[in-house]
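# A structural walkthrough
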Amino acid sequence: MNLNVEFSDLTFDNKKRTPQEFLEIANQLRKDIINSLLLAKSGHSGGPLGASDFMSVLFFGGYMYYDSKNPNLPDRDRFVLSAGHMAPVLYSVLARAGYFSTQELSTLRKYGSRLQGHPGLDVGLPGIETASGSLGQGVSIAVGMAMSDKLIDKNNRKVFSLTGDGELQEGTCWEAAMAAGSHKLDNLCWIVDNNDCQIDGRVKNVMSIYPLKEKFESFNFDVIEIDGHNFLEIINALDKFNSNHTNNIQKPTCIISKSYMGKGVSFMLDDYKWHGMPPNVEQAIKALEELK
Ligand SMILES: Cc1ncc(C[n+]2csc(CCOP(=O)(O)OP(=O)(O)O)c2C)c(N)n1
């Protein structure tokens, strides 16, 4: 069976939108994820598909200040994908925002490509703020960025970082949380993709991270729990972070985004086996049909 993979040239701007528009963008991201992973023949399907709804609102809903044609804009907001293995969704977001050609999505994980399995700084891909993939490292760097913005430069920038929930089993995360709360980093928005799946099974069975809300609250976070596939709830949570930042509430914000691994593709839904597996041709055809 053959599948002729094509990436459209469609890009999206960054503005207020309806839930239906966000869903259409999220499904475009999902199609890119399926297509690029099919060509790569390796990589992570489940996490990126589950985080697509949140990423659609974050990057295309007017919540981050950035200019894809001027990636080093000095006062830009920054996004750090701490769960670096979810790179396929970040690469699709950056391409669809205009940082680089959507055609480059076909090079995922290829030798010499700028789209490595985990984001790197050495390959020079615009829009990548730091290398990540060693779990716990990205969010720790994001906390450092927020500290320098708030405490040293005293500017108005915001830092967003997305961790997995399995990632929170990495101890470094909790030192980062303690630092963020202790330094009252109200310019930091920490998003937890809470699909309760990780590489070996359910997060709660491998090693429980719960209760999560109370843990972050004890580190001085304002915690917002949402359905990570409900666009109105995502919008409200990001609005709340904006108001926390504007009003200097002296607490970082944590959005616990309850999601499903593989969301959008029926045979991948809520199944941890799709954590680190790409689709084959038959599976990709079925997935793309469902995402039409
Ligand atoms: C420090 C470190 N230990 C182990 C790994 C291997 N690893 C990659 S992803 C992953 C599971 C992460 O689970 P989660 O954050 O929930 O992501 P999801 O399964 O939802 O995509 C592990 C253990 C790693 N990348 N870094």
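Our subject in this report is the structure included herewith. Quantities reported herein were computed from a predicted structural model and do not represent experimental measurements. (Residues numbered from 1 in each chain as written. Predicted model: local features only at pLDDT ≥ 70, side-chain atom pairs only at ≥ 80, totals over all residues. Heavy atoms only, no water.)

### Looking at the pairing of strand 2 (residues 159–164)
Side-chain direction in a regular strand flips from residue to residue, so the side chains alternate between the two faces of the sheet. Counting buried residues in strand 2 gives six out of six residues, a clear majority hidden from the surface. Burial along strand 2 is two-sided: V159, S161 and T163 facing one way and F160, L162 and G164 facing the other are all buried. One ladder, built from four bridges, connects strand 1 (residues 78–81) with strand 2; its direction is parallel. What sits directly across from F79, in strand 2, is F160. Bridging between strand 2 and strand 3 (residues 188–194) involves six bridges; their strand directions are parallel. When the bridges of strand 3 are listed, V159 appears paired with L188. As for the winding sense of the linkage, the β-α-β connection from strand 2 through helix 5 (residues 172–182) to strand 3 is right-handed. (Buried < 20%, exposed > 50% of the residue type's maximum accessible area, 1.4 Å probe, protein only. Helix = DSSP H or I, 4+ residues; strand = E, 2+ residues; numbered from the N terminus. Pairing = 2+ DSSP bridges. Right-handed = clockwise from strand over helix to strand, strands pointing away.)

### Quick notes on the nonpolar core
Core analysis: the largest hydrophobic core is formed by 62 residues, its most contacted members being I34, M55, L58, F59, F79, F160 and L238. When residues in this core are grouped by element, the largest group, nine residues, is from helix 1 (residues 19–40). Those residues in contact with L58, other than ones at most four positions away along the chain, are Y63, M64, F79, F160, I191 and L238. Core analysis: the second largest hydrophobic core is formed by 25 residues, A142, L168, L185 and I256 among them. (Core = buried A, V, L, I, M, F, W, Y, C linked by side-chain atoms within 4.5 Å. Contact = heavy atoms within 4.5 Å.)

### Some thoughts on the sheet that holds strand 1
Within a sheet, each strand pairs with its neighbour through backbone hydrogen bonds, oriented either parallel or antiparallel. Taken in spatial order, the five strands line up as 1-2-3-7-6 in an open sheet, and their pairing is parallel. At either margin of the open sheet sits one strand with a lone partner, and together these are strand 1 and strand 6 (222–227). Neighbour-to-neighbour, the strand axes of this sheet turn through a mean angle of 20 degrees, independent of strand direction. The strands that helix 2 (residues 46–60) touches are strand 1, strand 2, strand 3, strand 6 and strand 7 (253–258); relative to strand 3, the one it contacts most, it runs at about 155 degrees. (Axes fitted to C-alpha atoms, helices over the stretch in contact; angles between N-to-C directions.)

### Looking at the site of the ligand
Looking at the ligand, there are 17 residues lining it, with H85, G133, G166, N195 and H275 nearest. In the model, a nitrogen atom of the ligand is placed 2.8 Å from a nitrogen or oxygen of the G133 main chain. Between the ligand and G166, the relevant distance is 2.8 Å, taken from an oxygen atom to a main-chain nitrogen or oxygen of the residue. Protein chains shield 77% of the accessible area of the ligand, which is 600 Å² for the free molecule. Across the shell around the ligand, the residue classes break down as five nonpolar, nine polar and three charged. (Near = heavy atom within 4 Å. Polar contact = N/O pair within 3.5 Å; in protein donor to acceptor, adjacent residues only side chain to side chain. Areas by Shrake-Rupley, 256 points an atom, 1.4 Å probe, with all protein chains shown as cover. Nonpolar A, V, L, I, M, F, W, Y, C, P; charged D, E, K, R; others polar.)

### Some words on the pairing of strand 3
For strand 3, a buried count of seven out of seven residues is recorded, marking the element as mostly surrounded by other parts of the structure. Burial along strand 3 is two-sided: L188, W190, V192 and N194 and C189, I191 and D193, pointing in opposite directions, are all buried.

### Side note on the side chain of S259
By secondary structure assignment, the location of S259 is in the loop between strand 7 and helix 9 (281–290). Those residues in contact with S259 that lie beyond four places of it in its chain are G50, D193, N194, N195 and H229.

### Some details on helix 3 (residues 87–97)
Helix 3 sits mainly inside the fold: 11 of its 11 residues count as buried. Of all the residues in helix 3, the buried ones are A87, P88, V89, L90, Y91, S92, V93, L94, A95, R96 and A97. Close packing links the buried residues of helix 3 with helix 1, helix 2 and strand 1. Positive backbone phi, at 100 degrees, marks G98, one or two positions downstream of helix 3.

### Some points on the packing of helix 2 against helix 8 (residues 231–246)
Packed helix pairs are characterised by how far apart their axes lie and by the angle those axes make with each other. Contact geometry of helix 2 with helix 8 gives a least axis separation of 10 Å together with a crossing angle of 50 degrees. As summarised for this structure, helix 2 and helix 8 are arranged oblique, according to the angle between their axes. When the axes of helix 2 and helix 8 are compared, the crossing they make is right-handed. Of the residues in helix 8, those in contact with D53, F54, S56, V57 and L58 of helix 2 are F231, I234, I235 and L238. (Parallel < 35°, antiparallel > 145°, perpendicular 65-115°, else oblique. Left-handed = near helix turned anticlockwise from the far one by under 90°.)

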